[in-house]
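Given next are the chains, with one letter for each unit.
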Amino acid sequence: MKKTLLLLGIGLFLTTIGFTQDDGGKGDKLVEKLRVMYGEEKYQDCAHDAIKYASMTKHKNNAELYIYASMACLRISQYNEGVEEFKKSYSDALTYAGKYRKKDPAGLYYPEYLTHFEELKKIVAEEVENYMLEERKAKVYKTAKKSLGLVGKINKMDPEDKGALLMTAVLEMHVKNTIEGKAMLKLIIPEIKNIVATADDYVEPEPLDPKAAAKKKAKIEDVFGGVMNPIKPFDEMTEMEQVFLRLALIEYTEYLYQKKKFDEAKDIIEIGKPFFYKENDDYLRKYTVAYKAMYDKVNK
């Protein structure tokens, strides 16, 4: 019993350390104030106050301030409000989402505001998909550079999105950052190859020896700037995690195909066949034949 109480006390202490804002208990009041502003659609006021308080030393570690700054800036960009003060409100929405994650590296607040993060991802995915279509015709470097900047902000916002990480690696290759791209691919592809449909299908991999495990951990830290958790089962992914995975597999396959690396292209497109080739109840987005078309193209 004492052991249980001790562990509970430690857990509460760590939680307090993680979320205390050193502001005399005012953090929750600020968040509530922003929540009311946002709910009343006072997006300029909400963004202004969130950014102002986040810039103050005593509030700078309050992760939710950055989330509300991001949420309000996104709405300003959509409703064309506050043009003078927030001329780059869409970009700011992405930037503050990334800043939020620095204050909450474990992503403990992420599920609570999932709708907002998914909305940002959806907008970025649509832009990138449009850029990809243009890349098939011309201006590959320019459009890939734009896409890389956008997806890079998704990586900061949600470093656990493996599809977005793969997309970043492929875009690095497109813009001739070959060393960076290959280093990312070397780490992310084996992880993506481990994807399973459900948690029941997961098989624990053989553990690496301590030396190899330490080397891998150091490499991940060097390339991605943090740890890399195992890829989620497909049915546990959010809609936009699935979408980015699908887009990235298609784009990487196309890249390999254009380089005439046909066997590698077949290996990559095969990864997503159980999930994207035909209609799948676990796929949260409306089915399209894009994945099937790429699969058939490289396997003809």
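In what follows, the structure referred to is the one given above.
None of these values were measured; they are calculated from a predicted model.

Quick notes on the rules
Residues numbered from 1 in each chain as written. Predicted model: local features only at pLDDT ≥ 70, side-chain atom pairs only at ≥ 80, totals over all residues. Heavy atoms only, no water. Core = buried A, V, L, I, M, F, W, Y, C linked by side-chain atoms within 4.5 Å. Buried < 20%, exposed > 50% of the residue type's maximum accessible area, 1.4 Å probe, protein only. Helix = DSSP H or I, 4+ residues; strand = E, 2+ residues; numbered from the N terminus. Contact = heavy atoms within 4.5 Å. 1 Å grid on protein atoms, 1.4 Å probe; cavity = no way out; pocket = protein on both sides within 12 Å on 5 of 7 lines; lining within 4 Å. Points joined across faces, edges and corners; volume = space filled by probe spheres on them. Nonpolar A, V, L, I, M, F, W, Y, C, P; charged D, E, K, R; others polar. Axes fitted to C-alpha atoms, helices over the stretch in contact; angles between N-to-C directions. Parallel < 35°, antiparallel > 145°, perpendicular 65-115°, else oblique. Left-handed = near helix turned anticlockwise from the far one by under 90°. Patch = residues over 30% accessible without salt bridge, like charges linked within 9 Å, V, L, I, M, F, W, Y side chains within 5 Å. Areas by Shrake-Rupley, 256 points an atom, 1.4 Å probe, with all protein chains shown as cover. Salt bridge = Lys/Arg side-chain N within 4 Å of Asp/Glu carboxyl O. Lys, Arg positive; Asp, Glu negative; His and termini not counted. Charge placed at Lys NZ, Arg CZ, Asp CG, Glu CD. Phe/Tyr/Trp six-rings, centres within 6.5 Å; stacked < 30°, edge-to-face > 60°. Lys NZ or Arg CZ within 6 Å of the ring centre and 35° of its normal.

Regarding the nonpolar core
Counting 89 residues, the largest nonpolar core has Tyr68, Leu166, Leu249 and Tyr252 as the members making the most contacts within it. At 12 residues, helix 11 (residues 239-258) tops the list of elements feeding residues into this core. For Leu166, the residues in contact, after removing those within four places along its chain, are Leu185, Ile188, Ile189, Ile192, Ala248, Leu249 and Tyr252.

Digging into empty space enclosed by the protein
Per the counting criterion, the structure on display carries 2 cavities of 30 Å³ or more. Approximately 60 Å³ is the volume found for the largest cavity. Residue lining of the largest cavity: Glu160, Asp161, Lys162, Gly163, Ile231, Lys232, Met237, Glu241 and Leu245, and that is the complete set. When residues of the lining of the largest cavity are traced back to their parent elements, those giving at least two are helix 8 (162-174) and helix 11. Residue composition of the lining of the largest cavity, by class: 3 nonpolar, 1 polar and 5 charged. Estimates place the volume of the second largest cavity at around 30 Å³.

Considerations on the environment of Lys219
Inspection of the secondary structure assignment puts Lys219 in helix 10 (residues 210-224). On the basis of relative accessible area, Lys219 is assigned to the partly exposed category, the value being 39%. In this structure the C-alpha to C-alpha distance between Lys219 and Ala183, which are 36 residues apart in sequence, comes to 8.9 Å.

Focus on the packing of helix 7 (residues 140-157) against helix 8
Look at helix 7 against helix 8: their axes get within 9 Å of each other, and the N-to-C directions meet at 150°. Considered as vectors, helix 7 and helix 8 are oriented roughly antiparallel to each other. Here the hand of the crossing between helix 7 and helix 8 comes out left-handed. From helix 7, Val140, Tyr141, Ala144, Ser147, Leu148, Val151, Gly152, Ile154 and Asn155 reach across to helix 8, where they touch Ala164, Leu165, Met167, Thr168, Leu171, Glu172 and His174. The residue makeup of the contact of helix 7 with helix 8, split by class, is 10 nonpolar, 5 polar and 1 charged.

A short note on a negative patch on the surface
Together, Asp200, Asp201, Asp235, Glu236, Glu279, Asp281 and Asp282 give the surface a local cluster of negative charge. Along the polypeptide, Asp201 turns up in the loop between helix 9 (178-193) and helix 10.

Topic: the pattern of salt bridges
Inspection of every chain in the model, using the stated rule, returns 13 salt bridges. Notably, a salt bridge pairs Glu32 with Arg35, separated by 2.9 Å at the nearest N-O pair. Of this pair, Glu32 and Arg35 both sit in helix 2 (residues 27-39), separated by 3 residues, roughly a single helical turn. The exposure class of Arg35 is partly exposed, given its relative accessible area of 32%. The partner of Glu40 in a salt bridge is Lys42, with the nearest N and O atoms 3.2 Å apart. By relative accessible area, Lys42 is classed as partly exposed at 42%.

What about the packing of aromatic side chains?
Enumeration over the complete set of coordinates arrives at 14 aromatic pairs. Summarising the aromatic geometry, the rings of Tyr100 and Phe117 are spaced 5.3 Å apart at their centres and angled 25° between planes, so their arrangement reads as stacked. In this pair, Tyr100 sits in helix 5 (residues 89-103) while Phe117 sits in helix 6 (residues 114-135), placing the two residues 17 residues apart along the sequence. Exposure remark for Tyr100: the relative accessible area of 0% places this residue in the buried category. Here the aromatic rings of Phe234 and Phe276 are separated by 5.4 Å at their centres, their planes lie at 80°, and the arrangement is edge-to-face. Pair noted here: Phe234 is in the loop between helix 10 and helix 11 and Phe276 is in helix 13 (residues 273-276), with a separation of 42 residues, a long-range link. Within the aromatic cluster, the residues linked to one another by ring pairs are Tyr38, Tyr43, Tyr68, Tyr79 and Tyr113. Against the face of Tyr277 rests Lys273, its NZ or CZ located 5.3 Å from the ring centre.

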